[in-house]
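Structural features, examined
One-letter residues, chain by chain:
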Amino acid sequence: MAKTILITGATGMVSTAVIQSLEGSNSKLRVLVRDEAKGAPFKAQGIEVFVGSLDRPRTLAPAFAGVGDSLADLAEDYDTSTQNIEEAIRCELTRREAA
């Protein structure tokens, strides 16, 4: 089964390069974008798109569900980004243990 990789900051330079390097791999790519319109090019490439933001924790849990690995590109200065990502990961791990 292919591993699902979540990439935040998908429209940024670092994440764009990572996405390009992973194209054609056995991994299932998933991106988190703040604006649905910015996700359209990724959808056209067959990449799963989630709309959300690192500063809106409720949007993170669905994006992290089923993820094997993630790359969080924190180029923006979010005060609570790390806490929100850690909480989303904890919730996903708890969900997996309960399943």
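These numbers were taken from a predicted model, which means no experiment stands behind them.

The rules we used
- Residues numbered from 1 in each chain as written.
- Predicted model: local features only at pLDDT ≥ 70, side-chain atom pairs only at ≥ 80, totals over all residues.
- Heavy atoms only, no water.
- Polar contact = N/O pair within 3.5 Å; in protein donor to acceptor, adjacent residues only side chain to side chain.
- Helix = DSSP H or I, 4+ residues; strand = E, 2+ residues; numbered from the N terminus.
- Buried < 20%, exposed > 50% of the residue type's maximum accessible area, 1.4 Å probe, protein only.
- Contact = heavy atoms within 4.5 Å.

Take helix α2 (residues 36-44) next. Between the side-chain oxygen of the N-cap and the backbone nitrogen of A37 there are 2.8 Å, and the N-cap of α2 in question is D35. In the segment just after α2, G46 is the residue with positive phi, at about 85 degrees.

This part takes up the side chain of T59. Mapping T59 onto the fold places it in the loop between β3 (48-51) and α3 (60-64). Under the relative-accessibility criterion, T59 is labelled buried at 17%. At 3.0 Å, the side chain of T59 and the backbone nitrogen of S53 are in polar contact. The residues contacting T59, other than those within four sequence positions of it, are V51, G52 and S53.

Tracing the sequence through the fold places T16 in helix α1 (residues 13-22). The contacts of T16, once residues within four sequence positions are left out, are A10 and T11.

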